[in-house]
Structure formats: C-alpha cells, structure tokens
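Reading the structure
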Amino acid sequence: MKIEEKVSKRRTFAIISHPDAGKTTITEQLLLFGGAIHKAGTVKAKKTGSFAKSDWMEIEKQRGISVTSSVMQFDYDGKRVNILDTPGHEDFSEDTYRTLMAVDAAVMVVDTAKGIEAQTKKLFKVVKQRGIPIFTFMNKLDRDGREPLDLLSELEEVLGIQSYPMNWPIGMGKGLEGIYDVYHKRVELFRPEKYDGKRFIPLEDRSISESHSLYENGVYTQAQEDIELLTTAGNEFNEERIRSGDLTPVFFGSALTNFGVQTFLETFLQFAPEPHAVKTENGGKVSPYESDFSGFVFKIQANMNPQHRDRIAFVRISSGMFEQGMEVKLQRTGKKLKLSNVTQFMADARENVETAVAGDIIGLYDTGNYQIGDTITAGKLSIKYEKLPQFTPELFMKVTAKNVMKQKSFYKGIQQLVQEGAIQLYQTYQTSDYVIGAVGQLQFEVFQYRMLNEYNAEVVMTSMGSKIARWVDSKDLDEKMSSSRNILAKDRFGNPMFLFENKFACEWFQNKYPDVGLKSLL
Ligand code: G4P
C-alpha cells in the first residue's frame, strides 16, 4: 500500500469524559471489536490494579480517576484507528488539551443519568477551543436516566454545541427495548432473543408494528414522537458543521452491555476526518501527505515502567513515514537523533514499531533529549510546529526537599516532572524559593506522590493559595514594582512574571503602571 493510501486510512481521536461516565468501558469494547484485546476486563483490570505495570497507577487506583493518558491502536473496517485516552479529571485539563492537539476528532462520553456535569463543561471548553469534530456517546442506557430530549437541550445550553441525534432510545433502564436508528433507518434491539435473534430490523419492516413489547409500554411510540419533534424543530444533519465542530452527532447506548457501541464505531469511522494539516510556528501548514517525515512531541511520560526507569516521548506523526532507525533533526537544538527504540501502543502491550505514517502516534525512548512541543523532521523539511499552549496556573505552592541530603534527587525529580508538563515551576526573585504552579489541586498530589515514589524525594509543600499569574516583558521590568500584594518570580525559561494576590491587586498594578503589558497564558 502506498503511503498516501495508508495516511488516508488513519483515524486518530481522543476520548474524553468526566470520571465514571464509562470511558474505560467503551474503550475496552472498541478494542474488542478491533481485535486488539480478546477478553473484556483487560483495560479495566489495568485501571483497578491487577494488571498495573507501574506503581504510579497506584494513585489512580486510590482515587479512582485516570491521571495518565495512553494510546491504543487497532484496525477496523479497513481503517487504522488510534485512540488517545485522556485524564478524566478537570484538574488535568492541560494534559487533555495537549492530547487534543495530537488528534483529529474527539469522542465525548456522557452518563445519561448524570447529564452534563460541571467537569465535562470545563473539559468541553477545552475541546471546543481546539475546533475539531466532536462525537457524543450517551452511555448507560440500561439504567434509568434523564429524558433524552433534556440531555440534548443540556448539551446545547450548557456546552453551547448543537446536536444531531443519529439514534434515539426506545425505553430506558429496565424498559430498554432498543434504539431507533435514524441514520441507518432501522431499529437496533437490546434483547434480540425476544425477536427471533434479529438485532436489526429495518424501520419499514412489518414485524415492528406487530411487536408487543415495543408497543406495550408505549416506548416505541414515544421514540417516534420524539424523533418527529426533532425532525421538525431540531437541527439538520450537516457534515460540514460536524467537521468544524459546530454540530455534534449524538449516539445512545450502553457500553457495559455492549449495546450500540459497534453502531457508534462504524458510523463514527464513516465521518471522522483523516489526518489534518498541522500548523507551523510561522503560520504555514504541513500536509500529512508531504513526503518528508515530521512530527511533534505532545506528551512525555517518565517511569511508565518502574523496572526500567524509562521515559517516553509521545510523538504525533504529522507528515511522511517513520522507519525504524531513521535519522531525524530535533528542530529546537539542531541535534541529529537516530530513532531506533520506538514503540507503538497496543491495549495491553508496547510493541516495537517498524513503520508508521502521518496520523499515527509513536513513543520514542528518551534519555532527556525531548521537551513537550518539540518538532522532529527528516529530509529537506525544516519547520517548527506551532507551540503547544500552556494554561495559566491558578494554584501555587512553595516547595522544598524535606531532607537536605536528598537535594540531588529533588532537583532531578522536579526537572523531569516539569519537562513532562506535570507541573509548572517558578523561582522567586528575592528569595530564590521554588514555587510550583498548577491548574488543579490534584496535580500537586500527583507531584508529591511521584517525587517520593519515583525519585525518592520527600517534598514539603506550603500552599500559597490561588494567585493571578501575569507575565511581563523583561525590558519593562523594574524589581521595585514588586509590592506586598504580589510576588515577582521567573518561569523556567527565565521570563519574569508576577503572582498577584487577587484581581484587585492586578488591577491596581495596571493602573499604577499603565505602560507595562501583563500577559496570561491560555
Ligand atoms: P471512566 O473510565 O469514565 O471513569 O468509567 P468506567 O468505564 O470505569 O465506568 C465507571 C462505572 O460505570 C463502572 O462501574 C462501569 O462498570 C460502569 N458502566 C460503564 N458503562 C456502563 C453502562 O453502559 N451501564 C452501566 N449500568 N454501567 C456502566 P463501577 O462499579 O464503578 O466499576 P466496576 O465495579 O465495574 O469496576
């Protein structure tokens, strides 16, 4: 197969949800369909610990949340599918955002009983900013949940995205009979054994009107009425608007009982886009069909396997083809690197990869060469991809090593975790104290846990509470501008910034120094 053909078959997407909506369960079903795993429970078991290959999964186990994002690949229906998992918790939304930079579409899993929760709202804001197609899976239909029409209006009101139901529930919870598949013009039955084992019945089939259980409880009539209402008053199906992320196709189902998941996967693959052209630093774009290889690092994770103490840089290939052993140029430093220890991620294993093309994600064994946002290229291509955005941290802690004898591990740990993007690091001008900044509280807990478990460095953290971080241009800076209402610090690149006590302190500063521009991150 030619490279172009391979690229056009890639479908790379991220799966997002708030914790417990069923992201792990649905991922597992998708992997089962793709033959990437052979028995249910593999991914799940990993999450709950019995498969946990790294002790750093411990923290997930304890808290029941997913803090790591991993990559999984399988083939389905002639397509090569790459799923990128994202941390469900809003405290790790920066990590989610970076992952979203590496995909071409997002799938949002919603619990029908809970609807759109506050955390989904924050995560969604992040997805919307990225401007990619969003597909919604309304999960847990086998349980009594909210009215489907309410769920759709909540999507529109709370998240500000219009929706188009591809299918509609026929009953719910104990009364679930199936889904009315608007798109495929058929009914998909929840309990085919009640209908001679048939799973799908075309809408025009007479057996529907003769079916007792569909009509007995009024669920089918209700579904028909809802659909009619949506046909007249709802949004129209529009592929263009799906592609721009303005309209989300909505699917109903139940991941746990494997109902509606395959229909979702097949329809999703029909509409999910091929690899996109990636923007460069100077406003250009590189086509995925460009013949020279290039890619960017969107995630670094140390100590995925504590036995090996390794560090993996995750690269989204944005053009051309990767071949084992090829030489690339790291654009930030100009250094030439040979890519010889490269992995691909399967559900329950990492495998060496020989070749991969635009749209794929590969893991580079890293001895400290890479940083988040780095571009690597081969051949004549000489570009740098657009910087990966950083969020403005809102919470800050002063941090020191508990044991002065352990300073070396302390610095190593901090450096590595900062390069991974797990936390942001600053140093105060006056006292040279280390200050770490985070978007959410849990980042601190993960930091503390990992410092101890991976670097054997016990840290003491003193909360500074929430602050407003604003950067200033070094040429505008006068150290006397620092007052009791702010702390002057520098980020890890040496750029000066103020940590203001609150918004009044920030406004007061602006009034006093109107010529000094204050900048925030994303
Ligand atoms: P997450 O990755 O989004 O955090 O969610 P996960 O898949 O772990 O699912 C959270 C809980 O919801 C799990 O139950 C899971 O079995 C359940 N679940 C997922 N999909 C469905 C569904 O379609 N219907 C129903 N009824 N439940 C569903 P748990 O009790 O927390 O975990 P476990 O005891 O199954 O391990």
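As a reminder, the structure under discussion sits directly above these lines.
An account of the accompanying structure is given in this report. Treat the numbers as computed from the prediction; the structure is a model and nothing was measured. (Residues numbered from 1 in each chain as written. Predicted model: local features only at pLDDT ≥ 70, side-chain atom pairs only at ≥ 80, totals over all residues. Heavy atoms only, no water.)

**Digging into the overall build of the protein**
From N to C terminus, the protein includes 15 helices and 30 strands. The C-alpha atoms of the protein give a radius of gyration of 25 Å, which matches the 24 Å a tight globule of 522 residues would have. Across its three principal directions, the C-alpha atoms of the protein cover 80 × 55 × 45 Å. Long-range contacts, defined here as pairs at least 24 residues apart, represent 69% of the contacts in the protein between residues at least 6 apart. Entry remark: accessible area of the protein is about 22800 Å², with carbon and sulfur atoms responsible for 46%. Charged side chains of the protein number 66 positive and 69 negative; the gap between the two group centres comes to 7 Å. (Helix = DSSP H or I, 4+ residues; strand = E, 2+ residues; numbered from the N terminus. Rg over C-alpha atoms; globule rule 2.2 N^0.38 Å. Contact = heavy atoms within 4.5 Å. Areas by Shrake-Rupley, 256 points an atom, 1.4 Å probe, with all protein chains shown as cover. Lys, Arg positive; Asp, Glu negative; His and termini not counted. Charge placed at Lys NZ, Arg CZ, Asp CG, Glu CD.)

**Examining the sheet that holds strand β24 (residues 395-401)**
Strand order in the open sheet formed by 7 strands is β27-β24-β26-β25-β29-β30-β28, and the pairing between neighbours is antiparallel. The two strands at the open ends of the sheet, each matched to only one other strand, are β27 (459-466) and β28 (468-471). Going from strand to strand, the sheet's axes swing by 35° on average, the running direction of each strand aside. As defined by bridge partners, β24 adjoins strand β26 (residues 434-438) across 4 bridges and the pair is classed as antiparallel. Counted as the bridge partner of Leu395 is Ala438 from β26. (Pairing = 2+ DSSP bridges. Axes fitted to C-alpha atoms, helices over the stretch in contact; angles between N-to-C directions.)

**Observations regarding the packing of aromatic side chains**
Within the structure shown, the criterion is met by 25 aromatic pairs. An aromatic cluster is present here, built from Phe13, Phe135, Phe137, Phe251, Phe264 and Phe268 joined pairwise through their rings. Sitting above the plane of the Phe200 ring, Arg186 keeps its charged end 3.9 Å from the centroid. (Phe/Tyr/Trp six-rings, centres within 6.5 Å; stacked < 30°, edge-to-face > 60°. Lys NZ or Arg CZ within 6 Å of the ring centre and 35° of its normal.)

**Topic: the pattern of salt bridges**
Tallying each qualifying case throughout the model produces 16 salt bridges. For the salt bridge of Lys402 with Glu458, the shortest nitrogen-to-oxygen distance reads 3.4 Å. Linking Lys402 in the loop between β24 and α13 (407-420) with Glu458 in the loop between α14 (441-455) and β27, this pair joins segments that are 56 residues apart in sequence. Judged by its relative accessible area of 54%, Lys402 falls in the exposed class. Residue classification places Glu458 among the partly exposed residues on the basis of a relative accessible area of 42%. Residues joined in a network through salt bridges with shared partners are Glu420, Arg450 and Glu454. (Salt bridge = Lys/Arg side-chain N within 4 Å of Asp/Glu carboxyl O. Buried < 20%, exposed > 50% of the residue type's maximum accessible area, 1.4 Å probe, protein only.)

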